[in-house]
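# Survey of secondary and tertiary structure
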Amino acid sequence: MADLVGPRLYSCCNCRNHVALHDDVISKAFQGRNGRAFLFSHAMNIMVGPKQNRHLMTGLHTVADVYCCDCREVLGWKYERAYEETQKYKEGKFILEKSKIAKENW
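Residues numbered from 1 in each chain as written. Predicted model: local features only at pLDDT ≥ 70, side-chain atom pairs only at ≥ 80, totals over all residues. Heavy atoms only, no water.

### Brief notes about the environment of N14
- Looking at where N14 falls in the secondary structure, it is placed in the loop between strand 1 (9-12) and strand 2 (18-21).
- Along the chain, N14 and E73 lie 59 residues apart, while their C-alpha atoms are 7.2 Å from each other.
- If we skip the residues at most four places from it in the chain, N14 touches C71 and E73. (Helix = DSSP H or I, 4+ residues; strand = E, 2+ residues; numbered from the N terminus. Contact = heavy atoms within 4.5 Å.)

### Digging into the packing of aromatic side chains
- Counted under the stated rule, the structure contains four aromatic pairs.
- Plain terms: the ring middles of Y10 and F38 are 5.9 Å apart, the flat faces sit at 70 degrees to each other, and that makes the pair edge-to-face. Placement of the pair is Y10 in strand 1 and F38 in strand 4 (residues 35-40), with a sequence separation of 28 residues. No difference in accessibility class separates Y10 from F38, as the two residues are buried.
- Judged by centre distance (5.5 Å) and plane angle (80 degrees), the rings of Y10 and F40 are edge-to-face. Here Y10 is found in strand 1, whereas its partner F40 is found in strand 4, with 30 residues between them in sequence.
- Each member of the aromatic cluster is reached from another via a ring pair, and the members are Y10, F38 and F40. (Phe/Tyr/Trp six-rings, centres within 6.5 Å; stacked < 30°, edge-to-face > 60°. Buried < 20%, exposed > 50% of the residue type's maximum accessible area, 1.4 Å probe, protein only.)

### Focus: the side chain of N17
- Among the structural elements, N17 can be located in the loop between strand 1 and strand 2.
- Within polar-contact distance, the side chain of N17 engages the backbone oxygen of N45 at 3.4 Å.
- Once residues within four sequence positions are removed from consideration, N17 is found in contact with Y10, S11, C12, N45, C68, C69 and D70. (Polar contact = N/O pair within 3.5 Å; in protein donor to acceptor, adjacent residues only side chain to side chain.)

### Concerning the sheet that holds strand 1
- With antiparallel pairing, the three strands of this open sheet are ordered in space as 2-1-9. Each of the sheet's edge strands pairs with one partner strand only, and the pair in question is strand 2 and strand 9 (101-104). Averaged over neighbouring strand pairs, the angle between their axes works out to 35 degrees when direction is ignored.
- Where strand 1 meets strand 2, three bridges bridge the pair, whose relative direction is antiparallel. Each bridged residue has a counterpart across the sheet, and for S11 the counterpart in strand 2 is H18. (Pairing = 2+ DSSP bridges. Axes fitted to C-alpha atoms, helices over the stretch in contact; angles between N-to-C directions.)

### What about the UniProt feature "domain: Yippee" (unreviewed entry) in the protein?
- UniProt feature "domain: Yippee" (unreviewed entry): in the numbering of this structure it lies at residues 8-105.
- Helix makes up 0% of residues 8-105 and strand 61%, whereas the separation of the span's terminal C-alpha atoms amounts to 5 Å. (UniProt positions renumbered as here; feature names shortened; annotations may be inferred.)

Right under this line is the structure:
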């Protein structure tokens, strides 16, 4: 009998709270504050902080830090607005830093 395995997902590295599904990864080629980061279409079990303008590698963006809703660990940020036309696809998406998330059900 085959083992039933749930969806592959990512959890907070600190408390193992589930924060994103592997199926929602858009790109693994992003840079976070502390190294590699993944761009996700959705995130769960997070809190979104206040919006702020930041000059990132690809120009000016309005972003909001995202936190694990259980332990309050900063996991990355949410793109609220992109000012460059070529960056508009990021709006409403989430950056989660590779060093802040762990794989589950792989």
